[in-house]
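# A closer look at the structure
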Amino acid sequence: MQIKKAEFVQSAPTYDKCPEALIPEFAFIGRSNVGKSSLINYLVNRKGLALTSSNPGKTQTINHFIIDDSWHIVDLPGYGYAKVSQKMRFQWELNLRDYLLKRGQLMVVFVLVDANIPPQKSDLEMISWLGENNVPLGIIFTKVDRSKVNELKKNQEAFHIELKKTWKEFPNMFLTSAEKKHGGDELLDFIEENIKLFKSQMEEFGEVKLKNPKIK
Ligand code: GTP
Ligand code: MG
């Protein structure tokens, strides 16, 4: 699948302000600075669509983009950013939890993980939490252009060892570089499959098959 059109819709401060459109949605989450906004720009092939920055904590709201007039990409704020006050962080976690648990049309949450460093506790905790709460997820390793192949392999293996402790079957995983435009095709094919799944579920069951049909 190739994206032809991408437009910013809105930034929502909280879950209940998110757009109401009942169309399939794919969200990107991960530690601050892992490359969420850059990956989105690469996928949609538009440099400044999602705002990026070398300072962590750039994205603070739930940002919706409409793609080819028919599905949503969502850029979420990063977790694990130390400079945000404790109170704000707590509020953010509540907002994110709400969004991740209640958003019925959310087909996949992609957890972005820096491919250049050993497994991080906060990433493993996020992945476990999503799994425990039955939120469908994929794992995207980012910035693969930054290290040598051996180093990347070592980090991957360490990550697999950690996942094996709790997962029988691994979530789908993708290797990407927004910088070198690598790995986007596989990711978009996976998204396309899930858009088809959404459509067939809607045709067959209406809203009842969505995670939380009563709430948008
Ligand atoms: P927050 O919104 O702060 O949570 O950050 P984010 O996860 O959206 O990260 P963002 O896309 O803003 O990128 C953070 C930094 O990493 C920027 O300086 C990017 O240029 C850099 N970066 C992103 N993707 C890549 C990549 O594939 N390769 C390399 N080498 N650098 C990247
Ligand atoms: Mg961002």
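For the structure, check the block above.
The sections below set out a description of the structure shown in this document.

### Re the overall build of the protein chain
A count of helical and extended segments in the protein chain gives five helices and seven strands. Each helix (α) and strand (β) of the protein chain, taken in turn from the N terminus, gives the series β-β-α-β-β-α-β-α-β-α-β-α. Counting all 216 residues of the protein chain, 46% fall into the buried class. For the protein chain, contacts bridging at least 24 residues in sequence account for 76% of all contacts bridging at least 6. About 11800 Å² of surface is accessible on the protein chain, with carbon and sulfur atoms providing 50% of the total.

### Overview of the packing of aromatic side chains
In the structure shown here, the tally under the stated rule is seven aromatic pairs. Centroid distance Phe26 to Trp71: 5.6 Å. Interplanar angle 90°. Geometry classified as edge-to-face. With a gap of 45 residues between them, Phe26 in strand β2 (residues 25–30) and Trp71 in strand β4 (residues 71–75) connect regions that are remote in the sequence. Residues Phe26 and Trp71 agree in their burial class; the two are buried. With a centroid separation of 5.2 Å and an interplanar angle of 85°, the aromatic rings of Phe141 and Phe159 are classed as edge-to-face.

### Quick word on the pairing of strand β6 (residues 137–142)
The side chains of a regular strand alternate, residue by residue, between the two faces of the sheet. β6 sits mainly inside the fold: six of its six residues count as buried. By the alternation rule, side chains of β6 split into Leu137, Ile139 and Phe141 and Gly138, Ile140 and Thr142, which are all buried. Regarding topology, helix α3 (residues 121–132) serves as the crossover connection from strand β5 (residues 106–114) to the parallel β6, and that connection is right-handed. For the crossover that starts at β6, traverses helix α4 (residues 149–164) and ends in the parallel strand β7 (residues 172–175), the hand is right-handed.

### Digging into the side chain of Asn95
Relative to the assigned elements, Asn95 resides in helix α2 (residues 86–102). The class for Asn95 is buried, based on a relative accessible area of 10%. There is a polar contact of 3.3 Å between the side chain of Asn95 and the backbone oxygen of Pro13. Once residues within four sequence positions are removed from consideration, Asn95 is found in contact with Pro13, Thr14 and Tyr15.

### Observations regarding the nonpolar core
Core analysis: the largest hydrophobic core is formed by 32 residues, its most contacted members being Ile29, Leu76, Tyr99, Leu100, Val111 and Leu130. Listed by contribution, the elements that provide at least two residues to this core are β2, α2, β5, α3, β6 and α4. A total of five residues in this core trace back to one element, the largest contributor, which is α3. Excluding anything up to four places from it in sequence, Tyr99 contacts Tyr15, Cys18, Glu25, Ala27, Ile62, Val74, Leu76 and Leu106. Ranked by size, the runner-up nonpolar core spans 28 residues in total, among them Leu43, Phe110, Phe190 and Ile195.

### Some thoughts on unusual backbone geometry
Phi is positive for Asp69, close to 55°, though the residue is something other than glycine. Relative to the helices and strands, Asp69 is located in the loop between β3 (62–67) and β4. Unlike most non-glycine residues, Lys143 shows phi in positive territory, near 60°. Here Lys143 lies in the loop between β6 and α4.

Basis of the calculations
Position labels on residues start from 1 in each chain and follow its written sequence. Whichever chain is written first is A, and whichever ligand is written first is 1; the rest continue in order. It should be noted that, the model being predicted, local features are given only for residues of pLDDT at least 70 and side-chain atom pairs only at 80 or more, the latter also being counted only at that level, while totals for whole chains, interfaces and linings use all residues. As a convention, hydrogens and water are excluded, and side-chain values are obtained from all of the structure's heavy atoms. Going along the chain from the N terminus, every DSSP run of H or I of four or more residues is numbered as a helix, and every run of E of two or more is numbered as a strand. Only protein chains enter the accessibility calculation, which uses a 1.4 Å probe; a residue whose area is less than 20% of its type maximum is buried, one above 50% is exposed, and one in between is partly exposed. Contacts were defined at the residue level, with two residues in contact if any of their heavy atoms lie within 4.5 Å. Only the protein chains shown count as cover for residues, and all accessible areas are computed by the Shrake-Rupley method using a 1.4 Å probe. Two aromatic rings, drawn from Phe, Tyr or Trp (for Trp, its six-membered ring), form a pair once their centres lie within 6.5 Å of each other, and the interplanar angle then sorts them: stacked below 30 degrees, edge-to-face above 60, tilted otherwise. With its strands directed away from the observer, a crossover is right-handed exactly when the path from the first strand over the helix to the second travels clockwise. Here a polar contact is taken to be a pair of N or O atoms separated by no more than 3.5 Å, where protein atoms must pair a possible hydrogen donor with a possible acceptor and residues adjacent in sequence count only if both atoms sit in side chains. The definition of a nonpolar core used throughout is a set of buried Ala, Val, Leu, Ile, Met, Phe, Trp, Tyr and Cys residues joined through side-chain atoms within 4.5 Å.

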